[in-house]
Amino acid sequence: MDKTRMKFSTIVVFIALIFTAAIQCLAQKASKESLRFQDKVRTYYLYVPETVVKEKPAPLIVMLHGSGRIGSSLVDKWKDLAKKEGIVIVGPDSSTSSGWLIPEDAPDFLYDMVEILKGKYPIDSRRIYIFGHSAGGVLALYVGLLESEYFAAVAVHAGAMRPDDGPLIERSKRKTPLSIFIGTNDRFFPLSDVRGTRDMLNARGFTVEFNEMNGHTHDYYGRSGEINQKAWSFLSKHRLESEPKYERYNWEKKS
């Protein structure tokens, strides 16, 4: 009788341990959230480490994915580092699978999403950053310039601007800190184009941290751990000197 009870107790404890481990695993996953923007339901993926507390507001990184991907593709790669460093990360889906659009996807949609998160979680409003890959990297550069007084810094893997974007750069009200990662063997963003973006920015007073990765291709995911660590090392050094300012644009009149 005693042996039967011991076996039963052992089984109960074992099941409880499995259940607890499963709950902890689920708690570590990013949640799928939504908001309504311009009469459309938009999806984003959110990860908030358990260590984020009211007494110590956390930095936030907005993740902008590449073409054909969704927001979770970057959030999942950043989650471990976010947990370790106490970073809130959010990855919205673009409005179309082919890439990001202005004004459909930015800057206003990103701003509305961030403001909702600031109302729910203890986020340091002077430490809101952007990380973008490929098509998301291109958008990150543009948004970082358009809203230079709202986003503290931007890091990009495989992204470039057009040679005729000089006037846009000159409109930036603040010299946004920028870090660009590019592989020497990237066939989607030729090294010469990305160097040209760096030179165009530097010529207008920006200081760009340029990370030229020898032999690296367009494959962010294969080296995400290394890239994310370096990107966070850069982003974490920067903070807005004053409370963030955001400017809404009348895109119809400007187009």
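Quick summary incoming for the structure in this document. (Residues numbered from 1 in each chain as written. Predicted model: local features only at pLDDT ≥ 70, side-chain atom pairs only at ≥ 80, totals over all residues. Heavy atoms only, no water.)

### Some points on the pairing of strand E1 (residues 31–37)
Regular strands show a simple pattern: their side chains alternate between the two faces of the sheet.
Alright, step 1. Bridge analysis of E1 against strand E2 (residues 40–47) gives 7 bridges, and the strand direction is antiparallel. Counterpart to Ser31 in the pairing with E2 is Leu46.
Alright, step 2. Connecting E1 to the next strand, E2, in antiparallel fashion are 2 residues, including Gln38 with a positive phi near 50°. (Pairing = 2+ DSSP bridges. Helix = DSSP H or I, 4+ residues; strand = E, 2+ residues; numbered from the N terminus.)

### Observations concerning helix H7 (residues 224–235)
Owing to its 3.6 residues per turn, the α-helix brings residues three or four apart onto one side.
Alright, step 1. Relative to the 16 Å expected for 12 residues at 1.5 Å per residue, H7 spans 16 Å between its end C-alpha atoms, a close match to the ideal helical length.
Alright, step 2. Within H7, the full set of buried residues consists of Ser224, Ile227, Asn228, Ala231, Trp232, Phe234 and Leu235. Taken down its axis, H7 places every buried residue within 155° of arc, on the same side. (Expected span 1.5 Å × (residues − 1). Buried < 20%, exposed > 50% of the residue type's maximum accessible area, 1.4 Å probe, protein only. Arc of directions from axis to C-beta.)

### Topic: the packing of helix H2 (residues 72–85) against H7
Alright, step 1. The N-to-C vectors of H2 and H7 enclose an angle of 45°; their axes lie 9 Å apart at closest approach. Relative to H7, H2 is oriented oblique. H2 and H7 meet at a crossing whose hand is right-handed. Contacts between H2 and H7 pair Lys77, Trp78, Leu81 and Glu85 from the former with Ser224, Asn228, Gln229, Ala231 and Trp232 from the latter. (Axes fitted to C-alpha atoms, helices over the stretch in contact; angles between N-to-C directions. Parallel < 35°, antiparallel > 145°, perpendicular 65-115°, else oblique. Left-handed = near helix turned anticlockwise from the far one by under 90°. Contact = heavy atoms within 4.5 Å.)

### Overview of the pattern of salt bridges
Alright, step 1. Within the structure shown, the criterion is met by 15 salt bridges.
Alright, step 2. One salt bridge in this structure joins Asp105 and Arg42, with 2.7 Å as the shortest N-O distance. Of this pair, Asp105 sits in the loop between strand E4 (88–92) and helix H3 (108–120) while Arg42 sits in strand E2, and the two are 63 residues apart along the sequence. In this structure, Asp105 and Arg42 share a single accessibility class: buried.
Alright, step 3. Through salt bridges with shared partners, a single network forms among Asp108, Asp112 and Arg248. (Salt bridge = Lys/Arg side-chain N within 4 Å of Asp/Glu carboxyl O.)

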